[in-house]
Amino acid sequence: MSQTARPPTFLRLMGNRGTATVELALVLPVLLLLVVGILDLARIFYADVSLTTAAWAAAYTGSSPSGSLPAPATCPEEGIFASIAGQVPKCQAIFLAAQKDLASLPARSSTNPTLKAEWVSEANSSPSWPVPTANLKVTIRYEFRPLFPIAGIKSIQFQRFVILHVRDGNNF
C-alpha cells in the first residue's frame, strides 16, 4: 500500500492566514454604521420623550393657581437654560419646571431648546388675560444634532406644545 504524501499541517493553514482579517475589514464599517445609527435613534427617542415631559411639566406649573402671568400674558420665547433672572416669578417657575426634565438633553445650550408660554382663549383667538375659559399653551423647540450625519441630515427640529386648562384654585 502506498501512502499519499500530504503536506504538513502548518503548510495547509498558511493559505487561510489573512482570511479573518479581510472579513473583519469588510464587515466592521457596516457594523459600526449600524451601531451609530442605533445610538442616534435612541438619542432621538430620548429627546422626544424629554421634550414632551418638559412641556407637560411646564404647562402644569403654569396653569396652577399660584401666581399669574402678566399682561400681555406671555413668557417671552427664550432659551430654557438662559438666565431667567429678569422674568416674572410665574415665568421663572415655568422655565424651572422645564429645566428639570431637559437637564440631560444632548447638545443643549443657552439658546437650544427654547420655551414660550402664552395664554390662549378656547376660540383660539389672540392671547388674552386669563378668564374662566382660558388655556395655557407651552411650546418647546429643540434642534437635535445626530452623532453621524447620514444622507446630509445635519439637524432635526423638534417642536412640542401642550395646552392645559387654567385652574383657578377651586376647580381642579
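Residues numbered from 1 in each chain as written. Predicted model: local features only at pLDDT ≥ 70, side-chain atom pairs only at ≥ 80, totals over all residues. Heavy atoms only, no water.

Colleague: I'd love a proper account of the packing of aromatic side chains, names of residues and values included.
Modeller: For the structure shown, the criterion picks out two aromatic pairs. An angle of 25° between the planes, with centres 6.5 Å apart, marks the rings of tyrosine 142 and phenylalanine 158 as stacked. Of this pair, tyrosine 142 sits in strand β3 (residues 134–144) while phenylalanine 158 sits in strand β4 (residues 156–165); the two residues are 16 residues apart in sequence, bridging distant segments of the chain. Each member of the pair, tyrosine 142 together with phenylalanine 158, is buried. (Phe/Tyr/Trp six-rings, centres within 6.5 Å; stacked < 30°, edge-to-face > 60°. Helix = DSSP H or I, 4+ residues; strand = E, 2+ residues; numbered from the N terminus. Buried < 20%, exposed > 50% of the residue type's maximum accessible area, 1.4 Å probe, protein only.)

Colleague: Residues and numbers for the pattern of salt bridges, please.
Modeller: Applying the stated rule across the entire model yields three salt bridges. In this structure, arginine 160 and aspartate 48 form a salt bridge, with 2.3 Å as the shortest nitrogen-oxygen distance. In this pair, arginine 160 is assigned in strand β4 and aspartate 48 in helix α2 (residues 19–62), connecting sequence segments 112 residues apart. For arginine 160, a relative accessible area of 25% corresponds to the partly exposed category. Across the pair arginine 145 and glutamate 143 runs a salt bridge whose closest N-O atoms are separated by 3.7 Å. Take glutamate 143: its relative accessible area is 26%, and that puts it in the partly exposed class. (Salt bridge = Lys/Arg side-chain N within 4 Å of Asp/Glu carboxyl O.)

Colleague: Tell me about the nonpolar core, and please be specific about residues and values.
Modeller: Judged by nonpolar contacts, the single largest core of 25 residues is most densely connected at Leu115, Val138 and Ile140. Going through the elements one at a time, α2, α3 (89–102), β2 (114–121), β3 and β4 are the ones with two or more residues in this core. With six residues, the top contributor of residues to this core is α2. Beyond its immediate chain neighbours, meaning those up to four positions away, valine 138 contacts Ala55, Ala58, Ala59, Leu115, Lys116, Ala117, Arg160, Phe161 and Val162. (Core = buried A, V, L, I, M, F, W, Y, C linked by side-chain atoms within 4.5 Å. Contact = heavy atoms within 4.5 Å.)

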